[in-house]
Amino acid sequence: GHGSFVLEAVKEGLIDVARSIQVGIRTVAPRDCGIAVIDGYEAQALGVDAVAERIRAHVGEAPAYLTFDIDALDPAFAPGTGTPVSGGFSADQALRLVWGLRALDIRGMDVVEVSPPYDHADITAIAASTIVQHHIQALALKKGG
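First, a word on scope: everything that follows refers to the structure included in this document. (Residues numbered from 1 in each chain as written. Predicted model: local features only at pLDDT ≥ 70, side-chain atom pairs only at ≥ 80, totals over all residues. Heavy atoms only, no water.)

1. Some details on the overall build of the protein chain
Right, so step 1: Counting secondary structure elements, the protein chain contains 5 helices and 4 strands.
Right, so step 2: Computed over its C-alpha atoms, the radius of gyration of the protein chain comes to 15 Å, within 12% of the 15 Å expected for a compact globule of 145 residues.
Right, so step 3: Overall, the protein chain is about 40 × 40 × 30 Å in size when its C-alpha atoms are taken along their principal axes.
Right, so step 4: The burial tally for the protein chain puts 34% of its 145 residues in the buried class. (Helix = DSSP H or I, 4+ residues; strand = E, 2+ residues; numbered from the N terminus. Rg over C-alpha atoms; globule rule 2.2 N^0.38 Å. Buried < 20%, exposed > 50% of the residue type's maximum accessible area, 1.4 Å probe, protein only.)

Rendered as structure tokens:
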């Protein structure tokens, strides 16, 4: 499947599963590779602040990389993705979640799965770029900018 790169990265020791966490998963993933998961239902029940706190506790003070898969958003907020699944985060929830992670030592970040051919009126691109903007703003505030 299109997520098999994670399994390969874990096998090669590129991902520290003890400090990795996936949030918002709404499909069956038979192999979690030892990575902690807060599925979509649990994330919605917990709320953004509690999910951010769980992520911060799990990652701790270790250097981190944040990858944001745009299909974590509900298709109403990000239709331009190859694997839309109903029941995801709203754009507001995603922005608050990224903002809630600003205390982490994030060394890199990306947003993946934006598919322009499916992106009606640039809705998904706007959501993705705003997520990155929030992350950059958080970095600037950390540096006193």
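2. So, the packing of helix α4 (residues 91–100) against helix α5 (residues 123–142)
Right, so step 1: Between α4 and α5, the shortest axis-to-axis distance is 9 Å and the interhelical angle comes to 25 degrees. Relative to α5, the element α4 is oriented roughly parallel. The two elements α4 and α5 cross, and the hand of that crossing is right-handed. Here A94, L95, V98 and W99 of α4 come into contact with α5, specifically with T130, I131, H134, H135, Q137, A138 and L141. (Axes fitted to C-alpha atoms, helices over the stretch in contact; angles between N-to-C directions. Parallel < 35°, antiparallel > 145°, perpendicular 65-115°, else oblique. Left-handed = near helix turned anticlockwise from the far one by under 90°. Contact = heavy atoms within 4.5 Å.)

3. Some thoughts on the pairing of strand β3 (residues 63–69)
Right, so step 1: Residues A64, L66 and F68 line the buried face of β3, whereas the alternating positions P63, Y65, T67 and D69 sit on a face that is not buried.
Right, so step 2: Bridge count between β3 and strand β4 (residues 105–112): 7 bridges; the pairing is parallel. Within the sheet, the bridge partner assigned to D69 lies in β4 and is V112.
Right, so step 3: Crossover β3 to β4 through α4 is right-handed. (Pairing = 2+ DSSP bridges. Right-handed = clockwise from strand over helix to strand, strands pointing away.)

4. What to know about the packing of helix α3 (residues 48–59) against α4
Right, so step 1: Running from N to C, α3 and α4 cross one another at 35 degrees; their axes reach a closest spacing of 9 Å. In this structure, α3 crosses over α4, and the sense of that crossing is right-handed. Residues V48, V51, A52, I55 and R56 of α3 touch α4, and the partners they reach there are Q93, R96, L97 and G100.
Right, so step 2: Across the contact of α3 with α4, the residue classes tally to 5 nonpolar, 2 polar and 2 charged. (Nonpolar A, V, L, I, M, F, W, Y, C, P; charged D, E, K, R; others polar.)

5. Section: empty space enclosed by the protein
Over the atoms rolls a probe the size of a water molecule, and in doing so it shows where empty space is left.
Right, so step 1: As enumerated under the stated definition, the model contains 1 cavity of 30 Å³ or more in all.
Right, so step 2: Lining the largest cavity, in full, are L66, V98, L101, R102, L104, I106, H135, A138, L139 and K142.
Right, so step 3: Counting residues per element, the lining of the largest cavity draws most heavily on α5, at 4 residues.
Right, so step 4: Class assignment for the residues of the lining of the largest cavity results in 7 nonpolar, 1 polar and 2 charged. (1 Å grid on protein atoms, 1.4 Å probe; cavity = no way out; pocket = protein on both sides within 12 Å on 5 of 7 lines; lining within 4 Å. Points joined across faces, edges and corners; volume = space filled by probe spheres on them.)

6. A word on α5
An α-helix turns once every 3.6 residues. As a result, residues three or four positions apart point the same way.
Right, so step 1: Here α5 spans 29 Å end to end across 20 residues, near enough to the 28 Å set by a 1.5 Å rise per residue.
Right, so step 2: Within α5 the residues assigned to the buried category are T124, A127, A128, I131, H135 and A138. Seen along its axis, α5 keeps its buried residues to an arc of 100 degrees; they face one direction.
Right, so step 3: Where α5 ends, the next residue or the one after it, G144, has phi of about 80 degrees, a positive value. (Expected span 1.5 Å × (residues − 1). Arc of directions from axis to C-beta.)

7. Considering the pattern of salt bridges
Right, so step 1: A complete count under the given rule lists 5 salt bridges for this structure.
Right, so step 2: R54 is the salt-bridge partner of E42, the closest N and O atoms lying 2.6 Å from each other. Taken as a pair, E42 in helix α2 (residues 40–46) and R54 in helix α3 lie far apart in primary sequence, 12 residues in all.
Right, so step 3: Accessibility expressed as a relative area gives 29% for E42, which makes it partly exposed.
Right, so step 4: Using a relative accessible area of 36% as the deciding quantity, one classes R54 as partly exposed. (Salt bridge = Lys/Arg side-chain N within 4 Å of Asp/Glu carboxyl O.)

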